[in-house]
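Structural description and commentary
Single-letter residue listing:
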Amino acid sequence: YAAFAEMEDEVRIGVIRNLADFTRALPPGPVRTECMKILPSFLPESWAPRDWRNRAVIASQLGPLAALGEPRAVFDHLSTVALGLLESEPVFTVLE
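Definitions and cut-offs
- Residues numbered from 1 in each chain as written.
- Predicted model: local features only at pLDDT ≥ 70, side-chain atom pairs only at ≥ 80, totals over all residues.
- Heavy atoms only, no water.
- Axes fitted to C-alpha atoms, helices over the stretch in contact; angles between N-to-C directions.
- Helix = DSSP H or I, 4+ residues; strand = E, 2+ residues; numbered from the N terminus.
- Parallel < 35°, antiparallel > 145°, perpendicular 65-115°, else oblique.
- Contact = heavy atoms within 4.5 Å.
- Nonpolar A, V, L, I, M, F, W, Y, C, P; charged D, E, K, R; others polar.
- Core = buried A, V, L, I, M, F, W, Y, C linked by side-chain atoms within 4.5 Å.
- Buried < 20%, exposed > 50% of the residue type's maximum accessible area, 1.4 Å probe, protein only.
- Left-handed = near helix turned anticlockwise from the far one by under 90°.

1. A look at the packing of helix H1 (residues 9–17) against helix H4 (residues 52–68)
In the contact formed by H1 and H4, the axes pass within 9 Å of each other and the chain directions differ by 25°. Taken together, the axis directions place H1 and H4 in an arrangement best described as roughly parallel. Residues Ile13, Ile16 and Arg17 of H1 form the contact with H4, whose participating residues are Asn54, Val57, Ile58 and Gln61. For the contact of H1 with H4, a count of residues per class yields four nonpolar, two polar and one charged.

Here it is, written out as structure tokens:
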């Protein structure tokens, strides 16, 4: 699943969109944590204003993934994604 993170944008968005469902199908424990580690790799160094759809897809996975993970894994891997989405400057540009 992690190999798809390095593919074209259309494939990457499909991977993100289905990450929580895929993770839910795995047994609880370290394997699920490994899936959570993938999500931060989908965050670009900087966002373009047109990337609001990608941000929305990533954000839509945070809640379902958090419900599936161990608290420490959620903190270590998903909180950085949530904070990255919040402090993304283009979000303000889109809202203006």
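Having seen the model, we can carry on.
2. Topic: the environment of Pro40
Counting through the fold element by element, Pro40 comes out in the loop between helix H3 (30–38) and H4. For the pair Pro40 and His77, spaced 37 residues apart in sequence, the C-alpha separation works out to 7.0 Å. Pro40 has contacts with His77, Thr80 and Val81, leaving out every residue within four places of it along the chain.

3. As for the nonpolar core
The biggest cluster of nonpolar side chains holds 20 residues, and the ones touching the most others in it are Ile16, Leu39, Phe42, Ile58 and Leu78. The set of elements that each furnish at least two residues to this core consists of H1, helix H2 (19–24), H3, H4 and helix H5 (71–86). When residues of this core are assigned to their parent elements, the largest contribution, five residues, is made by H5.

4. A word on the packing of H3 against H5
H5 packs onto H3 with a crossing angle of 15° between their chain directions and a minimal axis gap of 8 Å. Taken together, the axes of H3 and H5 are roughly parallel relative to one another. Judged by the sense of rotation from one axis to the other, the crossing of H3 with H5 is right-handed. On H5, the residues that touch Thr33, Met36 and Lys37 of H3 are Ala73, Val74, His77 and Leu78. Within the contact of H3 with H5, the residues separate by chemical class into four nonpolar, two polar and one charged.

Taken by themselves, the reported measurements are silent on function.
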